[in-house]
Amino acid sequence: MNRRAVIRNLALVIGSATLLPSCLKNGGTPVVALKHLNINADQEDLIGDVCETIIPKTNTPGAKDLNVHLFVLKMLDDCYTKKDQKTIVSGLVEFDNMVQKRYNQSFGNLNEKDRVAVLTGIEESAKKQNKAKAPAGRNTKPQKTVDANPLFAFYWAVKQQTLFGYTTSQYFMTKQIVYELVPGRYNAHFPVKNLKQA
Amino acid sequence: MSANTYDAIVIGSGISGGWAAKELTEKGLKTIMLERGRNIEHIKDYVNANKDPWEFPHRGGRTQEMIKDYPVLKRDYPLNETNLDYWVNEKESPYVETKRFDWFRGYHVGGRSLMWGRQSYRWAELDFEANAKDGIGVDWPIRYKDLEPWYGYAEKFAGISGNRDGLSILPDGEFMPPMDMNVVEKDVAKRFKDFYKDSRNFVIGRTANITQPHYARTNCQYRNKCWLGCPFGAYFSTQSSTLPAAMATGNLTVRPWSIVTKILYDKDTKKAKGVEVLDAETNQTYEFYAKVVFVNASTFNSAWILMNSATDIWPDGLGSSSGELGHNVMDHHLGVGAFGKVEGFEDKYYFGRRANGIYIPRYRNLNGEKRDYIRGFGYQGGGSREGWSRDIAEMSIGGDFKDALTEPGAWTMHIGGFGETLPYHDNKITLDKNVKDKWGLPVLAFDAEIKDNEKKMRIDMENDAKEMLAAAGVKNIQSYSGNGFLGRGIHEMGTARMGRDPKTSVLNGWNQVWDAQNVFVTDGAAMASTACQNPSLTYMAMTARAANHAVEELKKNNI
């Protein structure tokens, strides 16, 4: 664990704050000081790659640009029970092995098309088995119980927190939709077309 | 006058304590307000009120550490990252659950007036008559007409926004302009009217959020962050409303960190001469003296103080002569309702975050209807659109999915019931002397539960919710019905009830303890029944009425 840099300034994971030089590890990727979740740097990277595949960089920023992957790690670290964390981590291992076996390389080295195929494959089979509901709503709580199937548990947890992190990010709330801390008024007939930022 | 002598002592600084302090000081009484917890200064101490959602490390969520530290609070919505400091430290202040009881407390200046739900409804005539009519508990010693002028008085000062709906079951008040219903709620209201005529009603909530500037307070800014404390003072709280009024008189002293451990009873005068205070910071004990004592420590803590004020004359506590002190624990039972999707209105949204919803007043067991239970229930709810991170059926990940997240989801409509709980003598709290809090004081043990009447009512609450949503055109309706544990309504009532007879009640019709008539209890402890409306407005009115009476009686040297 001690090979990983420690981030003292949690502001890093809660916004688009500038990265502190001391928080960079060899590859230049910031890592979060995890207190509860027992994963290594490669596994952290894998989670980041899954986040980025869910919310990719297009003509607008992706999950990694917005440090959503760090938020996901923080939520996985702080907001899940030990038991759920164990399930999620074993799902992470299963995910990694599955990808290695199928593609003979790691998820991070796959092209985007293959990454998307891997994730949608999991999502579809999970939905088909009705094993878990897709993470729904703008929920401030983690799912009450994570899926018993480790692979699904891993995927849903990362997806849910990615969406939660992305849609509550400063970027999304100020650049994608209209958000005001002090609206000052209630317009009960607000047209949807005015909802997005121009 | 010695340094520790005042005209009046007010125990507690929440909704009713703040009102007692305001009324007593405005009538010229030198008053000390004793608050067991820390001070929270208006605006300055609302540390999270101006944060954006992304500034919270877990975006407002709950961590495992919080869940471990707050084993009671975690049972429902109050446990969250944004206002954790406003909730009681459960390790310092434990209690015993003989039966499960969800007790959500706030120990600081302002009490739960900072975190309350703000829905403000008058009771109706029939609510005060119900006990006598049904032969349940004791008859209320007051009627609607006794409280009516005080309701108006409280509303005008607190600032209640609402619509004058003209319903006898939910009397109109002195309202500020109502908040708007959104397009879906307006549609539901119209369908309601068409379907139920006037037998059931769907109205905008009446809330203690001001919609016009009021005294030094700014009107609601539609942030919907009320429970963080409002920097605009736009909702009624001790800090925004009653405290500044009381301070302006020059007659008020506020003393935080002051745990009142007992009321000092003088057996010769048969009155209280003051209170004993344990300083929560220094553990020093002090006595304060006054001609009149208002007990507003929050329902169960008010009863705790009375119970802990045992003397050789009253071994079970002050006000215990009837045997009803600590009994008749009540709350509204909730956690029953339904929700579903509303089709259409895709081009409409709303702007601003309205700190209010809609209300469906009671309609059961009225006009001669007789269900297999007595009394009734109301619903709160609202229409809204699903958020950005909903599940999108055709897409699960990727760039198009990311873009689709900026579109709002389907409209949904939700209603949740609030049911009346009857007073049962065996629903009780007692002092448990084997368990001590951080200060070595005995704690409360709760032994209360909903019974047959409430359980039968909950069946209607669930079925009616489904039926009404269906009548309103809502689709994919799902209903729910939880376990109905008491406490989580946070509408704590009973344990020192008012009545007409000292043999069966703790307080008289003016909220005076029968056994010590210069002691007034004007918070939820005084309630003889619960009705189904949110109770805080009634505490405000009752407190102002009792304070007025106290001053009149002092002038006449009657107390």
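Remember, it's a predicted structure, so these values are computed and weren't measured experimentally.

Visitor: Looking at this structure, how should I read the packing of aromatic side chains?
Guide: The geometry of an aromatic ring pair comes down to the distance between the two centres and the angle between the two planes. Taken as a whole and judged by the stated rule, the model has 38 aromatic pairs over all chains. Judged by centre distance (5.4 Å) and plane angle (50°), the ring pair of Tyr 155 of chain A and Trp 156 of chain A falls under tilted. We note that Tyr 155 of chain A, like Trp 156 of chain A, is buried. Ring plane angle 80° and centroid distance 5.6 Å describe the contact between Trp 123 of chain B and Trp 140 of chain B, whose orientation is recorded as edge-to-face. Here Trp 123 of chain B, found in the loop between strand 3 (96–97) and helix 3 (125–134), pairs with Trp 140 of chain B, found in the loop between helix 3 and helix 4 (144–158); they are 17 residues apart in sequence, far enough to count as distant. For the pair formed by Trp 123 of chain B and Trp 140 of chain B, the shared burial category is buried. Following the ring pairs from residue to residue traces out a cluster consisting of Trp 19, Trp 116, Trp 150, Tyr 153, Phe 157, Tyr 215 and Phe 236 of chain B. Directly above the aromatic system of Phe 157 of chain B lies the positively charged group of Lys 22 of chain B, at a separation of 4.3 Å from the ring centroid.

Visitor: So what exactly am I meant to see when it comes to the interface of chain A and chain B here?
Guide: When the parts of a complex come together, some accessible area is lost, and that lost area is often taken as the interface size. With 63 residues of chain A in contact, the opposing surface of chain B contributes 51 residues. When chain A packs against chain B, close to 5000 Å² is buried across both sides, 62% of that on carbon and sulfur atoms. For the pair chain A and chain B, the number of links is zero salt bridges. Put simply, chain A and chain B have 19 residue pairs in polar contact (both at pLDDT 80 or more) between them. Ranked by residues supplied to the side of chain A that touches chain B, first place goes to helix 6 (residues 150–167) of chain A with seven residues. Partitioning the side of chain A that touches chain B into residue classes produces 33 nonpolar, 19 polar and 11 charged.

Visitor: Teacher, can you tell me more about the sheet that holds strand 17 (residues 428–436) of chain B here?
Guide: Remark on secondary structure: sheet strands pair via backbone hydrogen bonds, oriented parallel or antiparallel. Residue and element names in this part refer to chain B. Reading across from one edge, 3-18-17 is the order of the three strands in this open sheet, with mixed pairing throughout. In this open sheet, the two strands that pair with only one neighbour each are strand 3 and strand 17. Relative to strand 18 (residues 442–447), strand 17 is paired through six bridges, and the arrangement is antiparallel. Paired with Ile 429 across the bridge in strand 18 is Phe 446.

Visitor: It is not clear to me how the pattern of salt bridges should be interpreted in this structure. Could you clarify?
Guide: Two side chains that carry opposite charge are able to pair once their charged atoms sit near each other. Residues and elements named next belong to chain B. Applying the stated rule across the entire model yields 46 salt bridges over all chains. With its nearest N and O atoms 2.7 Å apart, the salt bridge here joins Arg 75 to Asp 102. You can see Arg 75 sitting in the loop between helix 2 (64–69) and strand 3 and its partner Asp 102 sitting in the loop between strand 3 and helix 3, a full 27 residues away along the chain. Using a relative accessible area of 0% as the deciding quantity, one classes Asp 102 as buried. Linking Asp 194 and Lys 190 is a salt bridge whose minimum nitrogen-to-oxygen distance equals 3.1 Å.

Visitor: Can you walk me through the sheet that holds strand 14 (residues 358–360) of chain B in this structure?
Guide: Residue and element names in this part refer to chain B. The strand order across the open sheet built from six strands is 6-14-15-16-12-19, with neighbouring strands paired in antiparallel fashion. Of all strands in the sheet, those with a lone pairing partner are strand 6 (203–204) and strand 19 (475–481), marking the two edges. Of the strand pairs in this sheet, strand 12 (residues 336–342) and strand 19 are connected by five bridges, and their pairing is antiparallel. Looking across to strand 19, one finds that Ala 338 is bridged to Ser 479. Where helix 5 (residues 183–196) meets the sheet, its contacts fall on strand 12, strand 14, strand 15 (377–385) and strand 16 (411–419), and the angle it forms with strand 16 comes to roughly 60°.

Procedures and definitions
- Residues numbered from 1 in each chain as written.
- Chains lettered and ligands numbered in written order.
- Predicted model: local features only at pLDDT ≥ 70, side-chain atom pairs only at ≥ 80, totals over all residues.
- Heavy atoms only, no water.
- Phe/Tyr/Trp six-rings, centres within 6.5 Å; stacked < 30°, edge-to-face > 60°.
- Buried < 20%, exposed > 50% of the residue type's maximum accessible area, 1.4 Å probe, protein only.
- Helix = DSSP H or I, 4+ residues; strand = E, 2+ residues; numbered from the N terminus.
- Lys NZ or Arg CZ within 6 Å of the ring centre and 35° of its normal.
- Contact = heavy atoms within 4.5 Å.
- Buried area = accessible area lost by both parts, 1.4 Å probe.
- Salt bridge = Lys/Arg side-chain N within 4 Å of Asp/Glu carboxyl O.
- Polar contact = N/O pair within 3.5 Å; in protein donor to acceptor, adjacent residues only side chain to side chain.
- Nonpolar A, V, L, I, M, F, W, Y, C, P; charged D, E, K, R; others polar.
- Pairing = 2+ DSSP bridges.
- Axes fitted to C-alpha atoms, helices over the stretch in contact; angles between N-to-C directions.

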